Every structure is written in structure tokens, then in C-alpha cells.
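Structural description and commentary
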Amino acid sequence: MEKRVVFQSRWLPFALVAPQLAITLVFFFWPASQALYWSMLIQDAFAAKTQFVWFDNFRDLFNDPHYLASFKVTAVFSVLVTVTGLAIALLFAVLADRVIRASKLYQMLLIWPYAVAAAVAAVLWVFLLNPTLGILTHVMRGLGYDWNYLLNPGQALALIVIAAVWKQISYNFLFFLAGLQSIPRSLIEAAAIDGAGPARRFWTVVFPLLSPTTFFLLVVNVVYAFFDTFAIVDAATSGGPVQATSILVFKVYQDGVQALDLGGSAAQSVVLMAIVIALTVVQFRFIERKVQY
Amino acid sequence: MAQRTKRIASIAVAIALAAAAGAAQAVTEIQWWHSMTGKLNDKVNEIADKFNASQKDYKVTPVYKGQYDESMTAAIAAYRAGNPPQIVQVFEVGTATMMAAKGAVKPVYQLMAEEHEKFDPKSFVPAVSGYYSDSQGHLISMPFNSSTQVLYVNDDAFRKAGLDPNNPPKTWPEVEKAAEKLKASGAPCAFTTGWQAWVQLESFSAWHNVPFATQQNGFGGPGTKLEFNGPVQVKHIQALGDWAKKGLFTYKGRKDEPLAAFTSGECAMITTSSGSYANIKANAKFAWRVATLPYYADVKGAPQNTIIGGATLWVLNQKNKDMYKGIGKFFTFLSSPEVQEDWHASTGYVPITLAAYDLAKQKGLYTERPGFDIAIKELSNKPPTANSKGVRLGNFVQIRNIVDEELEAVWSGQKSAKQALDAAVSRGNEQLERFAKANQ
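About the criteria used
- Residues numbered from 1 in each chain as written.
- Chains lettered and ligands numbered in written order.
- Predicted model: local features only at pLDDT ≥ 70, side-chain atom pairs only at ≥ 80, totals over all residues.
- Helix = DSSP H or I, 4+ residues; strand = E, 2+ residues; numbered from the N terminus.
- Rg over C-alpha atoms; globule rule 2.2 N^0.38 Å.
- Buried ≥ 20, exposed ≤ 12 C-beta atoms within 10 Å, placed from the backbone.
- Contact = placed C-beta atoms within 7 Å.
- Nonpolar A, V, L, I, M, F, W, Y, C, P; charged D, E, K, R; others polar.
- Domains from an automatic or database assignment.
- Arc of directions from axis to C-beta.
- Pairing = 2+ DSSP bridges.
- Axes fitted to C-alpha atoms, helices over the stretch in contact; angles between N-to-C directions.
- Right-handed = clockwise from strand over helix to strand, strands pointing away.
- Parallel < 35°, antiparallel > 145°, perpendicular 65-115°, else oblique.
- Left-handed = near helix turned anticlockwise from the far one by under 90°.
- Core = buried A, V, L, I, M, F, W, Y, C linked by C-beta atoms within 7 Å.
- pLDDT = per-residue confidence, 0-100.

Considerations on the overall build of chain B
Counting secondary structure elements, chain B contains 20 helices and ten strands. The C-alpha atoms of chain B give 24 Å as radius of gyration, which agrees with the globular expectation for 440 residues (22 Å, within 12%). On the principal axes, the C-alpha backbone points of chain B span a range of 95 × 50 × 40 Å. With 440 residues in all, chain B has 51% of them scored as buried.

Things to note about the overall build of chain A
In terms of helices and strands, chain A carries 13 helices and two strands. The principal-axis extent of the C-alpha atoms belonging to chain A is close to 75 × 75 × 30 Å. Looking at chain A residue by residue over its 293 residues, the buried ones come to 32%. Of the contacts formed within chain A by residues at least 6 apart in sequence, a portion of 68% connects residues at least 24 apart.

Some thoughts on the interface of chain A and chain B
Contacts between the two partners involve 21 residues from chain A, matched on the other side by 29 residues from chain B. Breaking the side of chain A that touches chain B down by element, the ones donating at least two residues are β1 (41–43) and α12 (248–258) of chain A. Class assignment for the residues of the side of chain A that touches chain B results in twelve nonpolar, six polar and three charged.

Quick notes on the domain arrangement of chain B
All names here are of chain B. What the domain assignment reports for chain B is domain 1 (2–147 + 308–368) and domain 2 (149–306 + 393–438). Each of domain 1 and domain 2 was reduced to a C-alpha centroid, and the two centroids are 32 Å apart. Facing twelve residues of domain 1, the contacting portion of domain 2 comprises 14 residues. Class assignment for the residues of the side of domain 1 that touches domain 2 results in five nonpolar, five polar and two charged.

Structural notes on helix α5 (residues 118–128) of chain A
Residue and element names in this part refer to chain A. Among the residues of α5, Ala 118, Ala 121, Ala 122 and Trp 125 are the ones counted as buried. Here the buried residues of α5 occupy an arc of 100° about the axis, which is enough to place them on one side. In this fold, the buried residues of α5 make contact with α7 (153–181), α10 (211–228) and α11 (230–236).

Re the sheet that holds strand β6 (residues 149–154) of chain B
All names here are of chain B. Read from one edge of the open sheet, four strands run β7-β8-β6-β9, paired in mixed fashion. Because the sheet does not close on itself, it has two edges, and the strands there are β7 (189–193) and β9 (288–291). On average, adjacent strands in this sheet sit at an angle of 20° to one another, irrespective of strand direction. Two strands pair when backbone bridges link them, and β6 and strand β8 (residues 267–273) are joined in this way by five bridges, in the antiparallel orientation.

Some remarks on unusual backbone geometry
Residues and elements named next belong to chain B. Residues Ala 302 and Pro 303 are joined by a peptide bond in cis, for which omega reads -10°. Of note, Pro 303 is situated in the loop between β9 and β10 (309–316). Despite not being glycine, Trp 195 has its phi angle at roughly 45°, a positive value. For Trp 195, the position within the fold is in the loop between β7 and α9 (196–207). Positive phi is not limited to glycine here, since Asn 209 has a value of about 55°. Locating Asn 209 in the fold gives a position in the loop between α9 and α10 (214–217).

Looking at the pairing of strand β1 (residues 28–34) of chain B
Residue and element names in this part refer to chain B. With five of its seven residues buried, β1 lies for the most part within the structure. Alignment of β1 against strand β2 (residues 58–64), held across seven bridges, turns out to be parallel. Looking at β2, one finds that Gln 31 is bridged to Thr 61. In terms of handedness, the path from β1 via helix α2 (residues 38–54) over to β2 forms a crossover that is right-handed. Strand direction decides the pairing type here: β1 and strand β3 (residues 87–91), joined by two bridges, are parallel. Directly across from Trp 32, in β3, lies its bridge partner Ile 87.

What to know about the environment of A:Asn221
Residue and element names in this part refer to chain A. The topology assignment puts Asn 221 in helix α10. Along the sequence, Asn 221 and Tyr 171 sit 50 residues apart, while their C-alpha atoms lie 9.6 Å from each other. Residues within four places of Asn 221 in sequence aside, it is in contact with Val 81, Thr 82, Gly 85, Leu 86 and Gln 168.

Structural notes on helix α6 (residues 135–142) of chain A
When you tally the buried positions in α6(A), you get zero out of eight residues, a small fraction of the element. Phi turns positive one or two residues past the end of α6(A), at A:Gly144, with a value near 95°.

Some details on the packing of α12(A) against helix α13 (residues 262–287) of chain A
Residues and elements named next belong to chain A. Between α12 and α13, whose axes approach to 8 Å, the crossing angle comes to 160°. For the element pair α12 / α13, the angle class is roughly antiparallel. Considering how the two elements wind past one another, α12 and α13 form a crossing that is left-handed. On α13, the residues that touch Leu 248, Val 249, Lys 251, Val 252, Asp 255 and Gly 256 of α12 are Leu 262, Gly 264, Ser 265, Gln 268, Ser 269 and Leu 272. Broken down by class, the residue content of the contact of α12 with α13 amounts to five nonpolar, five polar and two charged.

Details of the pairing of β8(B)
Residue and element names in this part refer to chain B. Counting buried residues in β8 gives seven out of seven residues, a clear majority hidden from the surface. With four bridges joining them, β7 and β8 adopt parallel strand pairing. Opposite Cys 189, over in β8, you have Cys 267 as the bridge partner.

Brief notes about the nonpolar core
In terms of nonpolar packing, the biggest core is built from 179 residues, with A:Leu159, A:Ile160, A:Ala163, A:Ile232, A:Ala236, B:Ala190 and B:Met269 touching the most fellow members. At 13 residues, the largest contribution of residues to this core is made by α7(A). Here this core spans two domains, and each of domain 1 (2–147 + 308–368) and domain 2 (149–306 + 393–438) of chain B adds at least three residues to it. In this structure A:Leu159 touches A:Trp125, A:Leu129, A:Tyr149, A:Ala236 and A:Thr237, once residues within four positions along its chain are discounted.

A few points about the environment of A:Leu105
Residues and elements named next belong to chain A. Looking at where Leu 105 falls in the secondary structure, it is placed in helix α4 (residues 103–111). The class for Leu 105 is exposed, based on 10 C-beta atoms found within 10 Å. Distance from Leu 105 to Asp 146, taken between C-alpha atoms, is 37 Å for residues 41 residues apart in sequence.

With respect to the confidence of the model for chain B
Overall, the predicted model of chain B reaches an average pLDDT of 89, with 95% of residues at or above 70. Our summary of model confidence lists the complex with pTM equal to 0.81 and ipTM equal to 0.73.

Observations regarding the environment of A:Val123
Residues and elements named next belong to chain A. You can see Val 123 is positioned in helix α5. Judged by C-beta crowding, with 16 C-beta atoms within 10 Å, Val 123 ranks as partly exposed. Separated by 39 residues in the primary sequence, Val 123 and Thr 84 place their C-alpha atoms 21 Å from one another.

Have a look at this one:
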């Protein structure tokens, strides 16, 4: 039996929704349509001379080997950030769930990194891992490992993955903890009585019941890895060395704002938008089937 | 009755105050967008305050708008929105973009002529005015802060390695020998460089009188193609790559980040901007000196002259023509010898006008600070040739990014110098074609 709210007046529902619609139109649809329009122009920086060139910008993009390499970097980066972020957050949530004494303290401490701005998080890790002055660099040199992320592409990627994951763990932890605490204890106890060990209990009972939370976090983390990590790349590596950390969203900024190639940058943002829409559709259509509500 | 009188009186006072405030706002405000930070920011504010105090009609308001690329983008966005600032400081790399924007930019020589302000391009140091002049020799923007590349040497580290700091290395092979001794004496980093694309390729080419690009490095007009993968440049980058493998050259970053490695005492030698003088003076806790940029003695014509970096002030087209008068007065103030000499002495940027250079000499600035005039001497070493007037390329920011990336490939051992420079030239040429297409 569904409970539905029915409005007597004809215009009140629209009036109530109008502010939200207005914001969505102005801040989402308008810029998106501008990007679509600009992606088909070649213009100089001051908009004095514009030429309509249909899909030339897109053709140039896909002929550029560095842009295609950027796809690979973004894919690797997103997978690493999502998987690592979810796994570590789940681990912390399971551990925090079992704690009885000072549980609120642990929860508060684990949530703090979320309040740190992305650029600040990046700078923090840059200080720790700076090839000249970083404390962790010093420790690694002592262990015989030469750390210089300015020259080593793998290390640069590791740096931004660490900074991105560190921030996101708190967010994931929050949701996982809430999800865990909403699972009825009686189910877990019943499984224990039936003789299931802790690992079996987790994978057979707890994890499937956590699936709505996991699915939601998967979508959010993928969008985070694609877009919100821009600040981290800008503050830490500027896309280097040799483009090893040049993720798609950073390339949009570099080509649009720094290099003032507005047509190419708009084309890249259109492609990025299409990718994220496609990924979200895929997630909702195929993975949601496996979620047990 | 008394109450009514009081009310009328207070209203009258309020109106009088408002009128007075309104009259005070009759001062025309000139917005100056810039990218100077720290001590430079203080100096910029000081200059504006002095100008504002010297007359009552115009008020120059300096606004820090972020780094060079950010403030340039902000100015362009403001222009597109119909509300541009009056003066914007644009780095040398953005010169081609600004010069191509003929409808948006008010050429300085035109403005000064229209406002009957004295403005002689010959009063500027030739290396500076040449960079920002069009093909007829007219200055399109107002020179303000220019620097060039020098070698800074850590005297204490040199003595520890058994080297004589009074005889810093003059040629690149001498730098290599010094670096070997420094490494042997236990220095963690013998040599590094800041602004690698600017120092080791752009200015390197000018210093050795070899072309960086066709058409006089882009000054001659459109259709420019890059040429910095010539034998002299390849030999030098390959040498640096070999030094990187041997641990004589340590890469510390693309832009200004390596300076911290020098001021902390880690790196014993650094080639970077002369503008870093103030920073080193404030932070280095060891004896140090400035030396001339090294060169290869076996290259014919070397050393020629170095090219400038830094920025100039551009004027954007204004609807309110009154502004131009105030801007003209401000520019005259800015290029006066006293203001320029003070700016030069406080910052390490070179003196822009010959009069300021003479004033500095008269004041004994260079005997008080040995090596402070090396920068200006390098710039005026010889009359500029087609290869050493400067570099003017479209999409220069992207080209520098590309050069940075390819050089990183050499330092990390992924590519040879020839492969990297060839790749940089071909990728850079694509950028030049895009710029030509967008601006035709």
C-alpha cells in the first residue's frame, strides 16, 4: 500500500519545485549546453574570431595519442581510488562496529579527514612525500628505497591515489558504519549459532545486506575519482611527470584555463560528461540488479 | 518644533555628507590586476600609494588576481563579460595571445601618444623593448618586471669540495668538473635548474645564437615552426641527461620549486631567474654569489645575449576614454628613473630603462652588491641577433608544458635527448598550427 501526497491546487506543486528546477537549469543545464556549443567552435582567447567547425575538435582529440593515454591513466586511477577507498573504509567500519569503549571517539577521529579540503590534503601529502624535505621520504631512503615522484611516473600516481583515498575513506566509513549498524543482530547471532565463523558470517550475511550501501558508494566514488580529484592533481603533480598523472578532468583545466584552448577543452569536457553518464547508467542497469534491498 | 528642526537638520547633514562622499568618488579608479606575491606585492602597493598621493584625479588600485596564467584568464573572462580591468600584468609567455587580440588591447605607444605623455622606446633597455615591440618597433605593452637567467653558487659548498668560489664555472664543461668534485665531497645535490624550459632551452638557444624557431623565433610573423632540436641544443640536453644518470644533476621540478633546494643548502649550484636574488638573500644561511650563465666555448658566437622573462603591463580597451589619461600619467610615473631604480633594488628584476640603470650605478648599488648587475650585463652583452631578440609563439603555455614533459622523459631515462626534442618540436608545431587557425 503506497502513501501518496496529492495536491489540491494545480500550480502549488510546480511553484514548490521551481526553485530547485531553476538552480538545476542555471548551474547544470546551461553550462553543459554552453560546453556542447563551444566544443564545436574554434575561437581565440578573446572571442574576437570564432569559427564553427562541427566535430573537428573531437576528431583532433581522438587523434592525439596523449589524450588517449590520459584515458588509460584515468581508468587506472579511478579503479585504484574506488577499490582501495571502499576496501579500507569497510575494514575500518567493521572494526569500529565491534568496539564498545570510546566508540564515538574512534568514529569522530576517522571522520575528520573528510573536513579537509582536497587541495589541502594534497599539499599535506606533498610535504610528507617531498623528495627533498619529506619525513616519509627520509624513512624510505633509510630503508634503501629511492623516492622521487618528480621523475618516477608510478610513484607520482601512488602519491595522488594516496591523497585521494585518504580523504574519501572518511566518507565511505560513515556510510558503511551506518549500514552495518542497521543490520539486525539477530541474523548474525543466528548464523553464529548455526556454526558459521566470523569470515563466513561476514561474507554470507553481512556483506549482501550491505549491498545497497556498497552500490551507492560505488557510484559516488567513481564520480569522485573522475571529478573531485582535480584539486589533488593540480596541487601535487600538475599532471606530471611526462603526463603520468594527467587525468581527464585535469587535462580539461590545463587546456582550457592555462592554455586558453577553449574549443578543445570544451570538447574534452563533453567527452568526460558522456563517460560518466554512461558509467552511471551501466551501474544502475546492471549492478543494481544484484543489490538486495 | 525643536524636534522637527532637529530632524530637518540631521537630514540636511546626511545629504551634505552623501554629497561630499559622492564628490570624493569623482576620482577615477584604475584597476591594476597583477600576480606579484610576498615582498613584491608590498612593493606594488607602495608604488600605487605613491602615485595616488602625488595627484588627486586618479586612483590606481592594485588587485592580486592569482598566478600569471590565472590572472590572464581572469582578465580575458572579464573582457568577455564586458567589464575588463584597465591594466593587467601578463607574463612574457602570453605576449603572442595579447598581441593577436587587436580589438581588445589598447597599444601602449598609441595611448601615450594620444595623451601627450613622453614615451621614447629607445629609453628602454634594448633587450626589453625588443621583446615587446611589433614589427615597426612600437611598444605594445609597458615593460615592468623583467628578469633573466643567472647561476647562483654556494660558496661554502665550493670551499668544502676544494673549489675556489671566486672562480665560479664559466662554461658547461667547467660546471661538470665542479659538480664531480662537489659530489665527491659528499654534497647531496651538485647542480639543479629552475624553469628548465626557459633556462636550458629558450635562453640557452639565444645565449649560443642558435634559432629556437623559424621567422626570428616567431617575431617575423605567422607560419612559425619550432627549431630547438638543433645539434647544439641536443648536445646540451643529452649532456644534462648523462649528468642526471651520474647523479651530478638532480631534477627538482619544472618551475620555481628547485629554488628551495638551493636556499636550504642541499644543491650547490642552480641556474634560475635573477629575480630569485631577494628570496636567496632573505633565506640562505651560507655564503653565496651570483655568476654569469654558463655556455659552451666551442660554439661560434657564444655567449651572445640572454632573453628576458617576467611580465609587462597591458591596457585593455575601455569604454570610458577618461581612463586613458590616468593610465598615461601612471605609466610615466612608473617608468621614472627613481621608481624603476627602487623597484630594481628591492626585487632583483633588471632595471628597465637606461636612466634607471645609470641611477643605480651612480648610487653605488653594484659595488654594494657584487653580482647584482650580472643580469643586466648578460642582457646587453651584444646587440641582439635574429636568434636572440626573444621568443614569441602562440599557445606558448602549452608549448612550455610539452617541453617540460619531454625533458622529464630525458631526466628519467625514458628517452634520449634527440627523441625528446624531436617529439617536443612536432607536438609544439601542432600547437602553433592550432593557434594560427584560431587567429586567422
